[in-house]
Amino acid sequence: MKRSALGGGNPVLYHQSLPSFSMPEWAAAAGYDGVILDLQHGELGLEAACGILRSLPRDNAYAYARVGSLDPAPILRLLDSGARGIVAPTVESRAQAEALVAATKYPPLGNRSLGPSRPALYPGEVYTEAGNDAVSAVVQIETRAGVERAEEIVSTPGLDSVYIGPADLAVTHGLPGRGDWEDGPVREAITHLREVTTAHGVTLGIYSGRPDYTAALFADGLVDYVGLGIDLVLLHRAFHDTLAALGAARSTGSTS
């Protein structure tokens, strides 16, 4: 993610909260670059997430997992199953960022242990170096405290990326819990985090629910990648649009 984003690409991922092996396949066929398996919210548990990771193409750099905490045990299981990035929610301190790097990276950057879960998961002359290069440690900043401490968080050695949670960030400012803010404190936070991450050579991503908003963020150079949509929300939209179209067709007597 770090190399691809800094190289000019803008990867588009989606959030998956359902324990489905088919969902990533269909999303990839539609053109998504990858997935953020969401173990923080929804129905997706550790066993299902590890199985899904094994089903994804081994060279997919955007097979990500968002964990519910910084507990290193599930993080290790996800990485050994093939996760190419771990997203840690609600990071508000340097210590939390250091704990993520420790759980995600092999020595000397971290203390991830070696395990023969999958053969040759990281191709390279030195396996641990290849693993550290392939796997991204991603902190999610989604509170006022996290934004205020961005400098100390982002400057953590071994950190690869920051992912903004706009809805939770809005709530900490006393605003409605929604994303895609075009002004106000959330927008100001995006601009500030862009400046900090650029200064430290770290990429910046954000969740968005709107394609037009995503396109504007890319055009303005505010983020490097986006998590565009959640499986449940995308399914609800498809269900709603299908029934709305049926209702409109029935009301007009159309047979097309």
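Residues numbered from 1 in each chain as written. Predicted model: local features only at pLDDT ≥ 70, side-chain atom pairs only at ≥ 80, totals over all residues. Heavy atoms only, no water.

Enquirer: Describe the nonpolar core, and please don't skip the residues or the numbers.
Expert: Ranked by size, the top nonpolar core spans 60 residues in total, and within it Leu-37, Leu-78, Ile-86, Val-139 and Val-223 carry the most contacts. With 5 residues, the single largest contributor to this core is helix H10 (residues 184-199). Tyr-62, Val-87, Tyr-163 and Tyr-225 belong to the second-largest nonpolar core, a separate cluster that totals 9 residues. (Core = buried A, V, L, I, M, F, W, Y, C linked by side-chain atoms within 4.5 Å. Buried < 20%, exposed > 50% of the residue type's maximum accessible area, 1.4 Å probe, protein only. Helix = DSSP H or I, 4+ residues; strand = E, 2+ residues; numbered from the N terminus.)

Enquirer: Tell me about the layout of surface pockets, and name the residues and values.
Expert: Roughly 310 Å³ of volume is contained in the largest pocket. What lines the largest pocket is a set of 21 residues, and nearest its centre among them are His-41, Arg-66, Ala-167, Tyr-207 and Ile-230. Residue contributions to the lining of the largest pocket peak at 3 residues, all from helix H9 (residues 166-172). (1 Å grid on protein atoms, 1.4 Å probe; cavity = no way out; pocket = protein on both sides within 12 Å on 5 of 7 lines; lining within 4 Å. Points joined across faces, edges and corners; volume = space filled by probe spheres on them.)

Enquirer: Which residues make up unusual backbone geometry, and what are the values?
Expert: Residues other than glycine predominantly adopt negative phi, and peptide bonds predominantly adopt the trans conformation. The residue after Pro-107, namely Pro-108, is reached through a cis peptide bond having omega 10 degrees. We note that Thr-90 has phi near 50 degrees; this positive angle belongs to a residue other than glycine. Notably, Asp-180 is not glycine yet its phi reads approximately 60 degrees, a positive angle. Counting through the fold element by element, Asp-180 comes out in the loop between H9 and H10.

Enquirer: Talk me through empty space enclosed by the protein; I want residue IDs and the actual numbers.
Expert: Here the idea is plain: a probe the size of a water molecule rolls over the atoms and shows the empty space left. This structure, assessed with the given rule, holds 2 cavities of 30 Å³ or more. Looking at the largest cavity, its volume works out to about 40 Å³. Around the largest cavity sit Leu-53, Leu-56, Pro-57, Arg-58, Ala-63, Gly-82, Arg-84, Arg-118 and Leu-121, which together line it. Looking at side-chain class alone, the lining of the largest cavity contains 5 nonpolar, 1 polar and 3 charged residues. If you go around the second largest cavity, the residues you meet are Asp-80, Tyr-106, Arg-112, Gly-115, Ser-117, Arg-118, Leu-121 and Tyr-127. (Nonpolar A, V, L, I, M, F, W, Y, C, P; charged D, E, K, R; others polar.)

Enquirer: I'd like a description of the sheet that holds strand E7 (residues 203-208), backed by residues and values.
Expert: With parallel pairing, the 8 strands of this closed barrel are ordered in space as E1-E2-E3-E4-E5-E6-E7-E8. Geometrically, the sheet is characterised by an average inter-axis angle of 25 degrees between neighbouring strands, direction not taken into account. Bridge analysis of strand E5 (residues 136-141) against strand E6 (residues 161-164) gives 4 bridges, and the strand direction is parallel. Among the inter-strand pairings, Val-138 is bridged to a residue of E6, identified as Ser-161. Strands in contact with helix H12 (residues 231-252) are strand E1 (12-16) and strand E8 (225-230); relative to E8, the strand with the most contacts, it is inclined by about 55 degrees. (Pairing = 2+ DSSP bridges. Axes fitted to C-alpha atoms, helices over the stretch in contact; angles between N-to-C directions. Contact = heavy atoms within 4.5 Å.)

Enquirer: So what's going on with helix H6 (residues 127-134)? Residues and values would help.
Expert: For H6, the full list of buried residues reads Ala-130, Gly-131, Asn-132 and Ala-134. Each element contacted by the buried residues of H6 is listed here: E5.

Enquirer: For the pairing of E5, give the residues involved together with the corresponding values.
Expert: Across the 6 residues that make up E5, a large majority, 6, are buried. Residue alternation in E5 divides its side chains into two sets, Ser-136, Val-138 and Gln-140 and Ala-137, Val-139 and Ile-141, and both sets are buried.

Enquirer: Tell me about the packing of aromatic side chains, residues and numbers included.
Expert: When we look at a pair of aromatic rings, we describe it by the centre distance and by the angle of the planes. Taken as a whole and assessed by the stated rule, the structure comprises 4 aromatic pairs. Seen in terms of ring centroids, Tyr-106 and Tyr-127 are 6.2 Å apart; in terms of plane orientation they differ by 50 degrees. Their pairing is tilted. Placement of Tyr-106 in the loop between helix H5 (94-104) and H6 and of Tyr-127 in helix H6 is noted, with a sequence separation of 21 residues between them. On the basis of relative accessible area, Tyr-106 is assigned to the buried category, the value being 2%. Judged by relative accessible area, which is 28%, Tyr-127 ranks as partly exposed. On the numbers, 5.3 Å between centres and 45 degrees between planes, the contact of Tyr-122 with Tyr-127 is tilted. Each residue in the set Tyr-106, Tyr-122 and Tyr-127 is aromatic and connected to the rest through ring pairs, giving one cluster. For Arg-178, the ring lying beneath its charged end belongs to Trp-181, and the centroid distance is 3.5 Å. (Phe/Tyr/Trp six-rings, centres within 6.5 Å; stacked < 30°, edge-to-face > 60°. Lys NZ or Arg CZ within 6 Å of the ring centre and 35° of its normal.)

Enquirer: I'd love a proper account of a nonpolar patch on the surface, names of residues and values included.
Expert: Together, Leu-232, Leu-235 and Phe-239 make up an exposed nonpolar region whose accessible area comes to about 280 Å². By the element assignment, Leu-232 lies in helix H12. (Patch = residues over 30% accessible without salt bridge, like charges linked within 9 Å, V, L, I, M, F, W, Y side chains within 5 Å. Areas by Shrake-Rupley, 256 points an atom, 1.4 Å probe, with all protein chains shown as cover. Salt bridge = Lys/Arg side-chain N within 4 Å of Asp/Glu carboxyl O.)

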